[in-house]
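An overview of the molecular structure
One letter stands for each residue in the lines below.
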Amino acid sequence: MKTSCILLLTLTSSQLFESSLAFVVSSLKKHHANIAPNSIASSSPSTTTLAVSIGLGPSKEEEQSQRAGDETEFEYEIPNHEEYRLSRRTKLDQACDEWYEGLLQTHAADGILKSLAQQTRTILETPVELVNDLEKDTDDVEWTPYVTTKLPWTPLVPSFGLEQFGIPTPRRNAETWRQFDVPGMIAQDYSQIAEPIEMSSERCHSIQQDLLAQGGWLDDDECAARLVYVNGYYVDELSKPSEHVYNIQDESQIAESQELTKYLARLTDGFTDELACPVANGESTISSFEKLSGPNHNVGAPTSQFAINTQQGTACFAALNTIKARAVAFVSAPAGAPLTEEEKATAPLPKPVLIINTVTPSLGLASNVDNSMGASLHPRTLIVANEHSRLSVVQSTVDLTTTGNANDRSDGSNPKLYNGYTQVFLKAGANVTHSYLEESGGMVTAGVELSDDELSDESVISPRVAEADRSALKDTHLEAIDVHCMGQDADYRGTVMSVGGSGRVRIGVSATLLHSGTRAEVNGFSLSGGSQRTDMKTNIHHIAQATVSRQTQKNMVGGRSTGSFRGRIRVEQSAQQTDSQQLSRTVLLSDKARAWSVPSLEIIADDVKCAHGTTVSDLSEEELFYLRARGLDRQMARNLLMYAFAGDIASCVEPAMLGALDSQQGLQKRLIRRLENLVPQGDRAVKGEYQSI
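Residues numbered from 1 in each chain as written. Predicted model: local features only at pLDDT ≥ 70, side-chain atom pairs only at ≥ 80, totals over all residues. Heavy atoms only, no water.

1. Points about the overall build of the protein chain
Rules: Secondary structure is summarised from DSSP: a helix means a run of H or I of at least four residues, a strand means a run of E of at least two, and numbering begins at the N terminus for each. We call a residue buried when its accessible area falls under 20% of the maximum for its residue type, exposed when it is over 50%, and partly exposed in between, using a 1.4 Å probe and counting protein chains only. The contact rule is simple, with two residues in contact once any of their heavy atoms fall within 4.5 Å.
Each helix and strand in the protein chain was counted, giving 16 helices and 24 strands. Across the 693 residues of the protein chain, 49% fall into the buried class. Contacts spanning at least 24 positions in sequence make up 83% of the contacts within the protein chain whose residues lie at least 6 apart.

2. Digging into the pattern of salt bridges
Keep this limit in mind: What makes a salt bridge here is a side-chain nitrogen of Lys or Arg within 4 Å of a carboxyl oxygen of Asp or Glu, nothing more.
The final tally for this structure, using the stated rule, is 29 salt bridges. Its salt-bridge partner being Asp181, residue Arg504 comes within 3.5 Å of it at the nearest N-O pair. Of this pair, Arg504 sits in strand β16 (residues 504–513) while Asp181 sits in the loop between α5 (114–125) and α6 (182–186), and the two are 323 residues apart along the sequence. Across the pair, exposure class does not vary: Arg504 and Asp181 are buried alike.

3. Focus on the packing of helix α14 (residues 634–650) against helix α16 (residues 667–678)
Geometrically, a packed helix pair is captured by the angle between its two axes and the distance between the axes. The line we're drawing: Angles run from 0 to 180 degrees between N-to-C directions of axes, and those axes are lines fitted to C-alpha atoms, restricted for helices to the stretch in contact. Here the angle decides the label: under 35 degrees means roughly parallel, over 145 means roughly antiparallel, 65 to 115 means roughly perpendicular, and every other value means oblique. Helix crossings get a hand from a simple test, with the near helix turned counterclockwise from the far one by less than a right angle marking a left-handed crossing and a clockwise turn marking a right-handed one. Lys, Arg, Asp and Glu make up the charged group, whereas Ala, Val, Leu, Ile, Met, Phe, Trp, Tyr, Cys and Pro make up the nonpolar group; the residues left over, Gly among them, are polar.
Viewed as axis vectors pointing N to C, α14 and α16 meet at an angle of 140°, and their least axial separation amounts to 10 Å. Here α16 runs oblique to α14, going by the angle between their axes. Both α14 and α16 take part in a crossing whose hand is right-handed. Of the residues in α16, those in contact with Asn639, Met642, Tyr643, Ala646 and Ala650 of α14 are Gln668, Leu671, Ile672, Leu675, Glu676 and Leu678. Tallied by class, the residues present in the contact of α14 with α16 amount to 8 nonpolar, 2 polar and 1 charged.

4. Regarding the packing of aromatic side chains
Aromatic ring pairs are reported here in terms of the distance separating the ring centres and the angle at which the planes meet. Note the cut-off: The rule is short: rings of Phe, Tyr and Trp, with Trp giving its six-membered ring, pair when the centres are within 6.5 Å, and they are stacked under 30 degrees, edge-to-face over 60, tilted in between. Working rule: Lys NZ or Arg CZ, within 6 Å of ring centre, within 35 degrees of ring normal, means a charge sits over the ring.
For the coordinates displayed, the defined rule picks out 10 aromatic pairs. Taken together, a centroid distance of 3.9 Å and an interplanar angle of 10° make the contact between Tyr263 and Phe425 stacked. Residue Tyr263 is found in helix α8 (residues 258–264), and its partner Phe425 is found in strand β12 (residues 416–426); the two are separated by 162 residues along the sequence. Judged on exposure class, the residue Tyr263 and its partner Phe425 are both buried. Its end group placed over the ring of Trp177, Arg506 keeps NZ or CZ at 3.8 Å from the ring centre. Above the face of the Phe645 ring, Lys554 is positioned so that its terminal group lies 4.9 Å from the ring centre.

5. Some thoughts on the packing of α5 against helix α10 (residues 315–324)
Closest axis-to-axis distance for the α5/α10 pair is 8 Å, and the angle between their directions is 145°. At the point where α5 passes α10, the crossing takes the left-handed sense. Touching Leu116, Ala117, Thr120, Arg121 and Leu124 of α5 are Ala319, Thr322, Ile323 and Lys324, all from α10. A breakdown of the residues in the contact of α5 with α10 according to their chemical character gives 5 nonpolar, 2 polar and 2 charged.

6. Concerning α14
Rules: Helix span is expected to be 1.5 Å times the residue number reduced by one.
Across its 17 residues, α14 extends 24 Å between first and last C-alpha, which sits within 8% of the 24 Å expected from 1.5 Å per residue. Within α14, the full set of buried residues consists of Ala637, Arg638, Asn639, Leu641, Met642, Phe645, Ala646, Gly647, Ile649 and Ala650.

7. Let's talk about the pairing of strand β6 (residues 284–288)
As a reminder of what qualifies: Strand pairing follows a simple DSSP-based rule, namely that at least 2 bridges must link the two strands.
One ladder, built from 4 bridges, connects strand β5 (residues 274–281) with β6; its direction is antiparallel. Within β6, the residue paired with Glu274 across the bridge is Ser288. The turn linking β5 back onto β6 is made up of 2 residues, and Gly282 within it adopts a positive phi angle of 70°.

8. Considering a nonpolar patch on the surface
Heads up, the rule is: Grouping into patches uses exposed residues only, defined as over 30% relative accessible area, and leaves out salt-bridged ones; the cut-off is 9 Å for like charges and 5 Å for nonpolar side chains (Val, Leu, Ile, Met, Phe, Trp, Tyr). Only the protein chains shown count as cover for residues, with accessible areas throughout obtained via the Shrake-Rupley method and a probe of 1.4 Å.
On the surface, a cluster of nonpolar side chains totalling about 430 Å² of accessible area is made up of Tyr76, Ile78, Leu151 and Trp153. Secondary-structure assignment places Ile78 in the loop between α3 (60–73) and α4 (91–104). Ile78 gets classed as exposed once you look at its relative accessible area, which sits at 58%.

9. Considerations on the nonpolar core
Our working rule: Residues grouped as a nonpolar core are buried Ala, Val, Leu, Ile, Met, Phe, Trp, Tyr and Cys residues, joined through side-chain atoms within 4.5 Å.
Counting residues in hydrophobic clusters, the biggest one holds 46 residues, and the most contacted among them are Val331, Leu391, Leu426, Val483 and Tyr492. The element best represented in this core is β16, accounting for 5 residues. Ignoring sequence-local partners within four residues, the contact set of Val483 consists of Val424, Leu426, Tyr492, Ser510, Ala511 and Thr512. Of all hydrophobic cores here, the second largest spans 44 residues; its members include Ile197, Leu527, Ala646 and Met657.

10. Notes on the side chain of His484
Inclusion rule: Pairs of N or O atoms within 3.5 Å make up the polar contacts considered here, provided that, within protein, one atom can donate a hydrogen while the other can accept it, and that residues adjacent in sequence are counted only when both atoms are side-chain atoms.
Positionally, His484 belongs in strand β14 (residues 476–485). Within polar-contact distance, the side chain of His484 engages the side chain of Asp482 at 3.0 Å.

11. Things to note about the side chain of Thr314
By the element assignment, Thr314 lies in the loop between α9 (305–308) and α10. Excluding its chain neighbours within four sequence positions, the residues that come into contact with Thr314 are Thr268, Asp269, Ala480 and Arg506.

12. Some words on α10
Within α10, 10 of the 10 residues are buried, which leaves it mostly tucked inside the rest of the structure. Those residues of α10 not exposed but buried are Ala315, Cys316, Phe317, Ala318, Ala319, Leu320, Asn321, Thr322, Ile323 and Lys324. Buried-residue contacts for α10 involve α4, α5, α8, β10 (380–385), β12 and β14.

13. Some remarks on the pairing of strand β13 (residues 431–438)
Judged by how many residues are buried, β13 sits mostly within the fold: 6 of 8 residues are covered. Here strand β11 (residues 390–399) pairs with β13 via 8 bridges, running parallel. Bridge assignment links Ser396 to a residue of β13, and that residue is Leu437. With 8 bridges connecting them, β13 and strand β15 (residues 491–498) associate as parallel partners. Looking at β15, one finds that Leu437 is bridged to Met497.

Next up, the structure:
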């Protein structure tokens, strides 16, 4: 019997060699001791071969040669990646793409932005290129170890939502759409386009009175200008245009202005890679969104999965708006003289510019169109504040109830998709106050949180049944507000009040700070009730040095509704000395309501002052007891606390829209009526106070 043992040792010192050799000798002795004696007696003498290699291992050239040899020896087949483009798309994902394609490929002609519409349509209809994420050479200035290279034989597939289009479309399981009612939205057909209605003097008067009763109207002496849109079409008879505030009805009105064309061509979520203006970064400038804080901390191309997970999901609808918009409300604040801080504090507030977007129950569709057939409208607003200007803009969205239109039915409204897109650009020293009031969809049904056993009168229709039959529950309200502070000391103060009754409401606010000294204040209030699904998204992006942002978001969720808030603040590496604060507070009014609150901070810079926080709680039992001990009943005490909670945000709205305290049409009274409609009517199943921080 012949036994051989071959050992390979790589040694780096003589001491290690001696100790290793002793270990080898000891091992060989043990090896021979374990051989059976009979085997030794009946066989020839055993022989042991010992091979020892001493050195520092293979050289770099030998390693590369060995790897190259391994690669040539391994055979594999490169797949046809296009065959796998749709492989991960589920049936619901396919339904989402078909629904979006129905909106995009409707037989109606595209909107007024002809060349921009074609340019945007090309971006949408061009599928993303399937390429592998390969590591760059270490000598490349953009080299980064954070790559997701796939093996050569692995099929390449696009990021979720990009299977068919060049911009991500809604997906139920996508991070940004997770809490929204995506199945309910795509189940409704909105493929029709809202149509204009004929405007007679009687109908104009009827619409004006209706808007006045709903608080969405300011007389000529109360506003600097007024633009009114019905079903997405401009109504000159109800408007008050000026030299700097007017409606863009044709692309030829902006053909000579490269600046306005550039603004209107922009898309959200980084799908327009060029920043609105170059950003100073030491001795160089930054102009690419994709390369911010690169190469190790940038989010990368907007079509990458990492970037999509941080987006608001508004880009595909902003693109749809560019293609289908029937008009553009244009507001330009003329340049003014620089003011000192004392002069700013004492200067009178400018009269507001009022932009009204309202819809008729029939959306202008013919009387022979089925009542269940929905339509879409795509309001567009462009606001440009020039150097050292002061501007106040109010956007109001309401539904008309009486228009004198024979096509409007009394048995309910046609479902509508409101897809708005508002762009705001501030230059050096500009000061803009922006109020967005969403009050469409009427009021939700009160008492839907009550079970059948809690109803006092069995003959009364169940609130849940009444809410399910409410026509506005089929409506979807989408709005993207994109703000760019481009000049030094630009100051934007925006307030969003979402208190309408549409079944699905989703508002995304993005503020980008592109110059030192700029400031953005974003306040929001969201009221959810009945069976609504509301979603508030905010993104405050600090790119330039020494910028300031403040954000306060309050949400009130009652009935059986679902409310969610996701607020993101990103501080780039170039945004040193940033000062940012974010606070979100949510009140749950019933045990059947659900709320999500997700504030987030992404800080790449190392010299910042940032804070964020969130609370979710019910109404304080101690405060309720205090009020009831002073003679208020339970419902009145609850309503008083609810208005105090919402009043902080309501007070930030343009004063002209708030109205006097004794006015029945002012925002304060309208808000009180909506809160009274949502006051909890039963006792909670969970007793005592609860709060999460």
